[in-house]
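# Remarks on the overall topology
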Amino acid sequence: MSVDVEFFFDLSSPWTRLAFANIRSKLEGLDYAITWRPFLVGGVFNAVNPAVYESRKPENAARLARSFVWLKQWARLAGVEMNFPSEHHPVKSVHAMRFCCALEDDQEALERFAHAAFEAYFTGMRNLDDPKVLVAIADEAGFDGSALAEQSTDPEIKERLRVNTDEAIHRGAFGSPTIFVGEENMYFGNDQLPLVRQKVEQLS
């Protein structure tokens, strides 16, 4: 039986970049169906996890620097280039996530754009808060970037991002990535992918 896996993500999150790169290989050989769910992690932090902002204060700089060291070690394990943090970090991701929501009904297209955007931000150090940069990234990935940018400003797309974010909060999310296996089993972060695999195996 194919197991449903939902992957709630925000393009601004470095740990999400790793989980996005790793999840298919971690689930290789299993019968699963993944659904990419764009949401706004800042909205989640504001609602249920404001401690994230505390961790970014100057008095916590040493701890944050150490986490970046671990992040790059995880990136090496994943075979992912990670030029992070860049001058754009922490980036506002609302424009980028609206681009993703505009593609959500075409999951293959959404995955392709997300891959290009993750590469642009974490490898290319490009600014995902700049709509012109997003248009260029979309064009490079084979989309009509200008048309996608126009679609992303539609009130229905803006509402979809709000709804996705509210749903994630309601279901218990506190950061990105949040991964659900079979609706009720929630996992957080790149390091919990082995648990995701274990649960998919159990439910298959």
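To keep things clear, this report deals only with the structure shown in the data block. (Residues numbered from 1 in each chain as written. Predicted model: local features only at pLDDT ≥ 70, side-chain atom pairs only at ≥ 80, totals over all residues. Heavy atoms only, no water.)

## Comments concerning the pairing of strand 1 (residues 3-9)
Rules: Here's how the labels work: a residue is buried when its accessible area is under 20% of the maximum for its type, exposed when over 50%, partly exposed in between, all with a 1.4 Å probe on protein chains only. A run of H or I in DSSP becomes a helix once it reaches four residues, and a run of E becomes a strand once it reaches two; helices and strands are each numbered from the N terminus. Two strands pair if DSSP finds at least two bridges between them. By definition, the crossover connecting two strands over a helix is right-handed if that path, from the first strand to the second, turns clockwise as seen with the strands pointing away from the viewer.
Most of strand 1 is tucked away: 6 of the 7 residues are buried. Pairing of strand 1 with strand 2 (residues 32-38), which is carried by 7 bridges, proceeds in the parallel orientation. Across the sheet, residue Phe 8 finds its bridge partner in strand 2, namely Arg 37. Crossover strand 1 to strand 2 through helix 1 (residues 14-26) is right-handed.

## Here's the deal with the nonpolar core
Note the cut-off: What makes a nonpolar core is a set of buried Ala, Val, Leu, Ile, Met, Phe, Trp, Tyr and Cys residues whose side-chain atoms join them at distances within 4.5 Å. Residues count as neighbours in contact if any of their non-hydrogen atoms are within 4.5 Å of one another.
Core analysis: the biggest nonpolar cluster contains 56 residues, and Phe 7, Phe 9, Leu 11, Ile 23, Phe 113 and Val 200 have the highest contact counts within it. Per element, the largest residue contribution to this core is 10 residues, and it comes from helix 6 (residues 107-123). With residues near it in sequence (within four places) discarded, Ile 23 still touches Val 5, Phe 7, Ile 34, Trp 36, Ile 179 and Leu 193. Val 44, Ala 168, Ala 173 and Phe 180 belong to the second-largest nonpolar core, a separate cluster that totals 6 residues.

## Considerations on the environment of Lys 92
With respect to the secondary-structure elements, Lys 92 resides in the loop between helix 4 (61-78) and helix 5 (94-102). Among residues more than four places away in sequence, those in contact with Lys 92 are Leu 128 and Asp 129.

## A look at a nonpolar patch on the surface
Our working rule: Grouping into patches uses exposed residues only, defined as over 30% relative accessible area, and leaves out salt-bridged ones; the cut-off is 9 Å for like charges and 5 Å for nonpolar side chains (Val, Leu, Ile, Met, Phe, Trp, Tyr). Note on areas: Shrake-Rupley, 1.4 Å probe, and residue coverage restricted to the protein chains presented here. The term salt bridge refers to a pairing of a side-chain nitrogen on Lys or Arg with a carboxyl oxygen on Asp or Glu at a separation within 4 Å.
Among the surface-exposed residues, Trp 15, Val 69, Trp 70, Trp 74 and Leu 77 lie close enough to one another that they form a single nonpolar patch of about 520 Å² accessible area. Of all the elements, helix 4 adds the most residues to the nonpolar patch, at 4 residues. Mapped onto the fold, Trp 70 is located in helix 4.

## A look at the state of the cysteines
Heads up, the condition is: Any pair of cysteine sulfurs within 2.5 Å is marked as a disulfide.
Tallying each qualifying case throughout the model produces 0 disulfides. No disulfide involves Cys 100; its nearest neighbouring cysteine sulfur is the one of Cys 101, lying 7.1 Å away. A relative accessible area of 1% means that Cys 101 is categorised as buried.

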